[in-house]
Amino acid sequence: MQEIIKIDMPQDVVEIIQGLCSHGFAAYAVGGCVRDTLLGVEPKDWDITTSASPVQVKEIFGHTLDTGIEHGTVTIMRGKIGYEVTTYRIDGKYSDGRHPDQVKFTPNLFEDLRRRDFTINAMAYSDEMGLVDEFCGMEDLEKKVVRCVGEAKERFQEDALRMLRAIRFSAQLGFTIESDTWQAMIQMAKNLSLVSKERILVELTKTICSSHPEMVKKIFDSGLHKEIGQHFSSLSARDAEVMAFSGQLPEEKHLRFALLFKNKSGEEAKAILRELKADNDTIKKVKILVEYIDRKLPRNEKRMRQALSEIGPERVRDWILLKKVLGEEVEDFQNRLQEILERGDAYTLQMLAVDGATLIRAGIKPGPNLGQILGELLSYVIEDPSKNTMMFLLEKVKEICYNQNCKIDQC
């Protein structure tokens, strides 16, 4: 006798499903929320599929948003939480390998589930009907396998991003990729060139920030890396091998990208991320860390303060994390760095005992020379923090002006 599976759904989801059913329509929780619940993981969101059309969904529920109505999706708001409700549909041909040319609504749940990417994402559930699992998704969950629904080549022909999604799910769940699905990925790799860089970056980021970031190597083993972009294709499986250690890092994308790009220059890392349409903040952080990752941690406090001045305490801490992952001894550096920070040693212009206004009052004219003088003062203080007093620094200003053969009010 088959085991009856019971899934605890949020009350909002139960009420939405019941609301649709009370009007004569069928409705189920579907996809990732069902998968995650069966795995004992709390879903981040709950999606609902229904035989009701988008217009009928909007008529039944009050506050809705047309978040994807052209594809049959309406979002029902419950407080500040939105629940996507999508009409059963059949996707037409994917001429561009990314989007269906047309979407046709269907009253058949099986047809809707059949269009989905992987068996583990093609299960539906309602309290009334229980688990609907037409493609053995539960069996694949138990076997810890990522397998396409139906013919793998057809699924990847429809949307080539699914090849990266297969790797991403294997990384997030610690699953293997089923052999026919894997072979189809190798054969269909060139189709990935049709996919936008933004969508590729999302999947790549989720993969390297997963609990099994070493799975990113599958991107190279399958040949998918060659289709991601000109700059990304310069990476190799050997570059990806270091990701086996990145699980020791926090799940922060700038840290994990820096490790992946450790054999590249800062400019090369920047070019790769720009090609992938990454945000400027991530690009800046990764570039700095790639430039520093192979440098030796300084042993004296002056060089520690110089590092703080150049890249700031947050990036220095990131540098320590990367060095630790790469097997270097960091404890002494970490302890001495903490002492520097707790003492309040100056390493930025803002931490100097004098500022631009102070120097102007002392007779220095505003302009580029003022900034140069402040920079020189900071270098003295980085050398010896005890010199960070107004008396010493103003005396030093006089010395600088004397060496420049000018009077204070001419500087």
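See the structure above.
Residues numbered from 1 in each chain as written. Predicted model: local features only at pLDDT ≥ 70, side-chain atom pairs only at ≥ 80, totals over all residues. Heavy atoms only, no water.

Enquirer: Explanation requested: the layout of surface pockets in the structure shown.
Expert: Unfilled space is identified by rolling a water-sized probe across the atoms. In this structure, the largest pocket encloses a volume near 1,700 Å³. Lining of the largest pocket is provided by 45 residues; of these, Asp47, Asp117, Arg165, Arg168 and Phe169 occupy positions nearest its centre. At the level of elements, helix 2 (32-38), strand 2 (47-50), strand 5 (81-87), strand 6 (89-91), helix 7 (161-173) and helix 9 (197-208) are the ones that each hand at least two residues to the lining of the largest pocket. Here the lining of the largest pocket gets seven residues from one element, more than from any other, and that element is helix 7. For the lining of the largest pocket, the class distribution of residues is eleven nonpolar, 13 polar and 21 charged. (1 Å grid on protein atoms, 1.4 Å probe; cavity = no way out; pocket = protein on both sides within 12 Å on 5 of 7 lines; lining within 4 Å. Points joined across faces, edges and corners; volume = space filled by probe spheres on them. Helix = DSSP H or I, 4+ residues; strand = E, 2+ residues; numbered from the N terminus. Nonpolar A, V, L, I, M, F, W, Y, C, P; charged D, E, K, R; others polar.)

Enquirer: It is not clear to me how the packing of helix 9 against helix 13 (residues 253-260) should be interpreted in this structure. Could you clarify?
Expert: In helix packing, the relevant descriptors are the interaxial angle and the interaxial distance, both defined with respect to the helix axes. Remark: helix 9 packs on helix 13, axes separated minimally by 9 Å, with the N-to-C direction vectors making an angle of 90 degrees. The pairing of helix 9 with helix 13 is recorded here as roughly perpendicular in orientation. Contacts from Leu201, Leu204, Thr205 and Ile208 in helix 9 reach Lys253, Arg256 and Phe257 in helix 13. Of the residues in the contact of helix 9 with helix 13, the class split is four nonpolar, one polar and two charged. (Axes fitted to C-alpha atoms, helices over the stretch in contact; angles between N-to-C directions. Parallel < 35°, antiparallel > 145°, perpendicular 65-115°, else oblique. Contact = heavy atoms within 4.5 Å.)

Enquirer: Is there a simple way to explain the state of the cysteines in this structure?
Expert: Throughout this description, disulfide means a covalent bond between two cysteine sulfur atoms. Enumeration over the complete set of coordinates arrives at zero disulfides. Take cysteine 33: it sits in no disulfide, and the sulfur closest to it among the cysteines is that of cysteine 21, at 15 Å. By relative accessible area, cysteine 33 is classed as buried at 3%. (Disulfide = S-S within 2.5 Å. Buried < 20%, exposed > 50% of the residue type's maximum accessible area, 1.4 Å probe, protein only.)

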